[in-house]
Amino acid sequence: RQLEKEERFAKLALELGDALGEVEAAELIADAAQDMIGWDAFIVDLYDADSRTIMELIAFDTIDGEVRRTETASRPLKFSDVTRRVVEGESSELIRRTPGGKECSDLVPFGDKDRRSAVLLYAPLKSKGRVIGILSAQSYDPKAFDELDLKTLTELARGCGDAFERIGVNAALRASETRFRTVAETLTEGLVITDREGRFLYLNSKMMEMTGRSPDEALG
């Protein structure tokens, strides 16, 4: 089983290297967790330490026997007791709900809101020594999950944190570049960007029209 887990970790590392955005990365992490520990519901939340907010990035639930993506909250989530402990204590937790008990009663419901998970695993997603999110695997089977499963989810969160943050940064840069090019290409004036030595780094369409030069002829 250990060899299979190591092989799945290695496969995930390769998959994350090709991921283009945070949602795609979260889907890959959820798939890996499904293969390694199994789950009925899975959540990836992002944590911003500066604003101290938690945003739900992606959530899955098993509804009518089928795993489905569920609608995520559009606003920051309120800290629950367990999410606060995971973020502030930077520690993982295994929680078993008891019939009629109040464990995790302050969690925000998702998916099939009429059915509560019986067992919940939480692990901090960390990058460069700081918490950037939370992974949660949940099951409706009261006998599901044990300490070994919690350890596996913790290893998963620890192993993909840096890659996950890198993917988010790269996605933000691509989005920023796309917005810039959209604005630049609609300008009625010519636009040139140069480096400190005056070498052309970018010409918009209007500048190419004005100079009669293509990017291949002008850049550099």
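It should be noted that the structure appears before, not after, this text.
Calculation rules
- Residues numbered from 1 in each chain as written.
- Predicted model: local features only at pLDDT ≥ 70, side-chain atom pairs only at ≥ 80, totals over all residues.
- Heavy atoms only, no water.
- Salt bridge = Lys/Arg side-chain N within 4 Å of Asp/Glu carboxyl O.
- Helix = DSSP H or I, 4+ residues; strand = E, 2+ residues; numbered from the N terminus.
- Buried < 20%, exposed > 50% of the residue type's maximum accessible area, 1.4 Å probe, protein only.
- Pairing = 2+ DSSP bridges.
- Axes fitted to C-alpha atoms, helices over the stretch in contact; angles between N-to-C directions.
- Contact = heavy atoms within 4.5 Å.

K.L.:
Give a description of the pattern of salt bridges that names residues and reports values.
P.N.:
Under the defined criterion, the tally for this structure stands at 14 salt bridges. In this structure, the salt-bridge partner of D35 is R8, at a minimum N-O distance of 2.7 Å. Linking D35 in helix α2 (residues 22-36) with R8 in helix α1 (residues 2-18), this pair joins segments that are 27 residues apart in sequence. Here D35 falls in the exposed class, since its relative accessible area comes to 53%. Take R8: its relative accessible area is 10%, and that puts it in the buried class. With its nearest N and O atoms 3.6 Å apart, the salt bridge here joins R84 to E88. Pair noted here: R84 and E88 are both in helix α3 (residues 81-89), with a separation of 4 residues, about one helical turn.

K.L.:
Which residues make up the sheet that holds strand β6 (residues 130-139), and what values do they have?
P.N.:
Strand order in this open sheet of 6 strands is β3-β2-β1-β6-β5-β4, and the pairing throughout is antiparallel. In this open sheet, the two strands that pair with only one neighbour each are β3 (66-69) and β4 (93-96). Each adjacent strand pair in this sheet contributes to an overall mean axis angle of 15°, direction not counted. Sheet topology places strand β1 (residues 41-48) next to strand β2 (residues 53-63); 8 bridges connect them, and they run antiparallel. Bridging from a neighbouring strand, L46 pairs with M55 of β2. The strands touched by α2 are β1, β2, β3 and β6; relative to β2, the strand with the most contacts, the crossing angle is about 50°.

K.L.:
Describe the pairing of strand β8 (residues 200-203), and please don't skip the residues or the numbers.
P.N.:
Put simply, side chains in a regular strand alternate between the two faces of the sheet. Pairing geometry for strand β7 (residues 192-194) and β8, over 3 bridges, is antiparallel. Across the sheet, the residue bridging to V192 is L203, located in β8. Joining the antiparallel neighbours β7 and β8 is a turn of 5 residues, in which G198 adopts a positive phi near 90°.

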